[in-house]
Amino acid sequence: MQVVFTRKEPPQWLLDMWKEIDDKTFGKGFDCFADDAVCNLGVADWRGREAIRANLKAFIDTGFTALHHVTEYWDAGSLKVFRGVVDMTPDDRSMKTVHPTMTHFFYMDERDDTKVRHWVGAVGPVAFG
């Protein structure tokens, strides 16, 4: 099976999810995930939309504000790939903002192709110094 990726503008569901994280609201933007979606970010293994929402909120609440920037978005139907940069600004203003790169793979649900079934991503390196 051959997969063909097409570079496109990022879809609204992806922009809405990043906005929920950036605004620290964690609301409807997470409705892009299937109820039983899986998220693997680095070592994280979160199962279910509500676990993904809660764990990302807990991570963001550790003392920084994020601002996500889309660099590239590629669509292959059931697989979407996003690459970008996130500005991570510590609440402690004596620490500098860092700008790690991100790469994320979104595997869409086979029953409802408007929902993400599995999110695999990497951000980093992430360090304040």
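Given the structure is predicted, the values throughout are model-derived calculations rather than measurements.

Attention now moves to the overall build of the chain. Each helix and strand counted, the chain has two helices and seven strands in total. Ordered by position from the N terminus, the helices and strands of the chain form the series β-α-β-β-α-β-β-β-β. At 15 Å, the chain has a C-alpha radius of gyration in line with the 14 Å of a compact globule built from 129 residues. Projected onto its principal axes, the C-alpha coordinates of the chain cover approximately 50 × 30 × 25 Å. Counting across all 129 residues of the chain, residues that qualify as buried make up 43%. Counting contacts in the chain only where the partners sit at least 6 residues apart, residues at least 24 apart contribute 49% of the total. As displayed, the chain offers around 7,300 Å² of accessible surface, 56% of which is attributable to carbon and sulfur atoms. Across the chain, the centroid of the 16 positively charged side chains sits 1 Å from that of the 20 negatively charged ones.

Among all positions of helix α1 (residues 12-22), only W13, L14, M17, W18, E20, I21 and D22 are buried. Turning to α1, the residues buried within the fold contact β2 (33-41), α2 (49-60), β4 (64-75), β5 (79-90), β6 (101-108) and β7 (116-124). Looking one or two residues beyond α1, the residue adopting positive phi is K24, at roughly 60°.

A few words now on the sheet that holds β5. Neighbouring strands of a sheet are bound in pairs by backbone hydrogen bonds; such pairs are parallel or else antiparallel. Spatial strand order, β1-β4-β5-β6-β7-β2-β3: seven strands in an open sheet with mixed pairing. Each edge of the sheet is formed by a strand with only one pairing partner; in this case those strands are β1 (6-7) and β3 (46-47). Sheet topology note: the β5/β6 ladder contains seven bridges and is antiparallel. Residue pairing across strands places V85 opposite T101, the latter belonging to β6. Each of β2, β3, β4, β5 and β7 touches α2; the most contacted strand, β2, lies at about 45° to it.

Next up on the list: the layout of surface pockets. Taken as a whole, the largest pocket encloses approximately 340 Å³ of empty space. Around the largest pocket sit 21 residues that line it, and L41, L56, F59, H104 and V123 are the ones nearest its centre. For the lining of the largest pocket, the secondary-structure elements that each account for two or more residues are α1, α2, β4, β5, β6 and β7. Tallying contributions element by element places β7 first for the lining of the largest pocket, with four residues. Residue composition of the lining of the largest pocket, grouped by class: 17 nonpolar, four polar and no charged.

Criteria and cut-off values
- Residues numbered from 1 in each chain as written.
- Predicted model: local features only at pLDDT ≥ 70, side-chain atom pairs only at ≥ 80, totals over all residues.
- Heavy atoms only, no water.
- Helix = DSSP H or I, 4+ residues; strand = E, 2+ residues; numbered from the N terminus.
- Rg over C-alpha atoms; globule rule 2.2 N^0.38 Å.
- Buried < 20%, exposed > 50% of the residue type's maximum accessible area, 1.4 Å probe, protein only.
- Contact = heavy atoms within 4.5 Å.
- Areas by Shrake-Rupley, 256 points an atom, 1.4 Å probe, with all protein chains shown as cover.
- Lys, Arg positive; Asp, Glu negative; His and termini not counted.
- Charge placed at Lys NZ, Arg CZ, Asp CG, Glu CD.
- Pairing = 2+ DSSP bridges.
- Axes fitted to C-alpha atoms, helices over the stretch in contact; angles between N-to-C directions.
- 1 Å grid on protein atoms, 1.4 Å probe; cavity = no way out; pocket = protein on both sides within 12 Å on 5 of 7 lines; lining within 4 Å.
- Points joined across faces, edges and corners; volume = space filled by probe spheres on them.
- Nonpolar A, V, L, I, M, F, W, Y, C, P; charged D, E, K, R; others polar.

None of the figures reported here should be taken as evidence of function without further support.
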